[in-house]
Every structure is written in structure tokens, then in C-alpha cells.
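Summary of structural features
Below, each chain spelled out in residue letters.
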Amino acid sequence: MKTSLVPTNLDTLVGDHISTLCPHSIGKRDKDNHCAHFFSHIMGYNVGVANCKNYTWSDKQLDTTGVTIRVDDLFNSSLSNLKGDWANKPKSLTECLIYVTRESNITRNATSIRMGSNSVKHVGVFTNGKVYHYGNTKEEITCDLPEKFISKFTQSYGGNSKKVSFFYSWFL
């Protein structure tokens, strides 16, 4: 039997606020985007410069560990050969990250895909046929089928005929 890299308690977290996972001040800020923050807490990821422990001087004084808070830091830390367009995700890849952003926030060349810092981006974890992510509108951990996730963010991010793109990456 295949061992999952994702915590098995995700269903028990659905409906929880980010503050149940994060002891830092950013975890109490509802106006911030917490999708990368949520995923990084459940997986213990700390890549890039920005993390929740470095948010304030008071947070820096806590005897805690900070995690990544930016979607583009997660995406850009993934190896180029382990990420790509969601539509081309290998069927054998049953656990991965799923990202969404506007196509204008993506830079592609022959060997890599990079995500920019535009604020219109989101990440979730795909496992057991579902996408778990932090719903910033309701300020809670949520779960969608992939089709609903794609539809929701196509509508949300695709206003004014903006092209929305979805990607996958293997875990860091």
C-alpha cells in the first residue's frame, strides 16, 4: 500500500480557521491570503524569505517555527521536471499541489515555469481525489472536488476575459 505524504487528518481540519494551526500574529489576520500558509503548516515547509514567524518583531521572539506564506515561493521552489500544466498531470500522480493564477503571472521558457508575485494566485493540496485549501473568502480550511476547484477559481480569477491557468507540482 502506498504511503501518503499528506497528513491523514485533513478532513478533521475542514472548517477550521488558520489560527488553529498558526501561533503567530498573521494567523489572526483575516484579510491576508492564507492558502500557502495553510499548506505550509500541515507539511512543515519553509522556503523563500517570507514566513509567518518573521511577520512581526513579537513573532520573532516566540519559541516556534515559521512556515512559508507565499504561493509563488512554493511553486518556484518545486523542481522544473516535477511541475507543469494541470491538464498534463500524470494520472499516476495522485498527490500533489494544485496552483491557480492568471497566465500573465507565469513566465515560461524551454526548461522551466516560474510564477510571479501577482496577488491573484492560490494553492491547494490534491489528495484522495479532493483539493484541500484555505478559503480566504470564508476564512476557513475547505475541500473541493478538482472540477469544483477549477470552476470556482476560473470564475473568481478570470474576470474581464483574463486567462486563468492551473498547474501541479510534486511536494518539495
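Here's a quick rundown of the structure. Not measured: the values here are computed from a predicted model. (Residues numbered from 1 in each chain as written. Predicted model: local features only at pLDDT ≥ 70, side-chain atom pairs only at ≥ 80, totals over all residues. Heavy atoms only, no water.)

**Considerations on the overall build of the chain**
Here is the rule: Helical segments are the DSSP runs of H or I of at least four residues, strand segments are the runs of E of at least two, and each set is numbered from the N terminus. A radius of gyration in this sense is built from C-alpha atoms; the matching globule rule multiplies 2.2 Å by the number of residues raised to 0.38.
Along its length, the chain carries five helices and eight strands. When its helices and strands are written in sequence order, the chain yields α-α-α-α-β-β-β-β-β-β-β-α-β. Relative to a compact globule of 172 residues, whose C-alpha radius of gyration would be 16 Å, the chain shows 16 Å and is just as compact. Along the longest, intermediate and shortest principal axes, the C-alpha atoms of the chain span 45 × 40 × 30 Å.

**Quick word on the side chain of Ser-169**
Short version of the rule: In this scheme, a residue with accessible area under 20% of its type's maximum is buried, one over 50% is exposed, and one in between is partly exposed, where area comes from a 1.4 Å probe on protein chains only. We call two residues in contact when some of their heavy atoms are within 4.5 Å.
Topologically, Ser-169 is positioned in strand S8 (residues 164-169). Residue Ser-169 is classed as buried on the basis of its relative accessible area of 0%. Dropping the residues within four chain positions of it, Ser-169 is found in contact with Ser-78, Leu-82, Lys-83, Cys-96, Leu-97 and Tyr-99.

**Describing unusual backbone geometry**
The phi dihedral of Asn-128 falls on the positive side, at around 55°, and the residue is not glycine. Within the secondary structure layout, Asn-128 lies in the loop between strand S5 (121-127) and strand S6 (130-135). A positive phi angle is found at Glu-139, which is not glycine, with a value near 55°. Considering the arrangement of structural elements, one finds Glu-139 in the loop between S6 and strand S7 (140-144). By relative accessible area, Glu-139 is classed as buried at 14%.

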